[in-house]
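The primary structure of each chain is shown beneath.
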Amino acid sequence: MSRGIVTVLAVALLAAALWSVMAVGQGQAPLAPTFERLDDGRLRVGPILVDQARGALVVPGEIIRHASPLEYLAVTRGGIKAYESLLELDANAYEFNLACILLGLDAARARLPRYQFDTEPVTGQRVSLSVSWDAPEGRRSVNAVDMLYNAGQQGVSDRWIYTGAATSPDGRYQAHEFGTLVGFVHDPAAIIEHAEGLGIGNYGAVGANAANVPPVGTRVELQLRTTSP
């Protein structure tokens, strides 16, 4: 294993320990993710498979909504923002964020949105997102942005940014509090955000692109890959 991967793993484990202590201090059950090193060199973080060599992770989930308004691509299972999300993932926010850290993503390099619906672009390390599922014609994979219909906006970019999500002044991790993993309305509580945002200033404009989204209830996998800035 390379020195860089060892360092990232050590940082992730330390973060897990700190978050566990923080959760206990808030009267919550410890939420530190479980780590398992697999024989093929990958890691399992909760339900997430992390391939550090390829800079990629895969997390299972389910299609939960088609209709607008959508403001999130993915939330946690039972997340309170599920009524505005296309997907519900099996991972919690701590697991998802630590899996991102294991790929070398660093929240210190991001400029988070100042508030929800902030029109300023989000900056930081780019990631690519796609979703795969078993269709009648075989396995299908679609870029995440192509799963979203955004009325009135042409030429939507495919730029997703790792922000790590904000922490409240009293120490609460907002991605866990709201269950927000991947958003596109510049929510500071989302761990991944669309760089320019979708549907900002045009409430209700974003829904599922029927040509690229399977039925509600379909089991899917979200793939995240690190990419160049």
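Residues numbered from 1 in each chain as written. Predicted model: local features only at pLDDT ≥ 70, side-chain atom pairs only at ≥ 80, totals over all residues. Heavy atoms only, no water.

Next up on the list: the overall build of the protein chain. For the protein chain, the helix and strand inventory stands at 3 helices and 14 strands. By the burial criterion, 50% of the 229 residues in the protein chain qualify as buried. Taking the contacts inside the protein chain whose residues are at least 6 apart along the sequence as the reference set, 66% of them involve residues at least 24 apart. In the form shown here, the protein chain has an accessible surface area of approximately 10100 Å², with 53% of it arising from carbon and sulfur atoms. (Helix = DSSP H or I, 4+ residues; strand = E, 2+ residues; numbered from the N terminus. Buried < 20%, exposed > 50% of the residue type's maximum accessible area, 1.4 Å probe, protein only. Contact = heavy atoms within 4.5 Å. Areas by Shrake-Rupley, 256 points an atom, 1.4 Å probe, with all protein chains shown as cover.)

In this structure, Leu-86, Phe-96, Leu-129, Ile-191, Ile-192 and Leu-224 are the most contacted members of the largest nonpolar core, which totals 52 residues. The element contributing the most residues to this core is helix 2 (residues 93-102), with 8 residues. If sequence neighbours within four positions are ignored, Phe-96 has contacts with Ile-48, Val-59, Leu-89, Leu-181, Val-182, Ile-191, Ile-192, Leu-222 and Leu-224. (Core = buried A, V, L, I, M, F, W, Y, C linked by side-chain atoms within 4.5 Å.)

Structurally, Asp-51 can be placed in strand 3 (residues 48-51). Within the structure, Asp-51 has its side chain in polar contact with the backbone nitrogen of Arg-54 (distance 3.2 Å). With residues up to four places along the chain from it excluded, the contact list for Asp-51 reads Arg-42, Ala-56 and Leu-103. (Polar contact = N/O pair within 3.5 Å; in protein donor to acceptor, adjacent residues only side chain to side chain.)

What follows covers unusual backbone geometry. Residue Pro-69 is bonded to the preceding Ser-68 through a cis peptide linkage, with omega at 0°. Here Pro-69 is to be found in the loop between strand 4 (56-63) and strand 5 (72-76). In the Ramachandran plot, Phe-117 falls in the positive-phi region, its phi being about 75° despite a non-glycine side chain. Looking at the secondary structure, you find Phe-117 in the loop between helix 2 and strand 7 (125-135). For Phe-117, a relative accessible area of 35% corresponds to the partly exposed category. Within the chain, Ala-165 stands out as a residue other than glycine whose phi angle is a positive 75°. One can find Ala-165 in the loop between strand 10 (160-162) and helix 3 (174-178).

These values are about where atoms sit, not about what they do.
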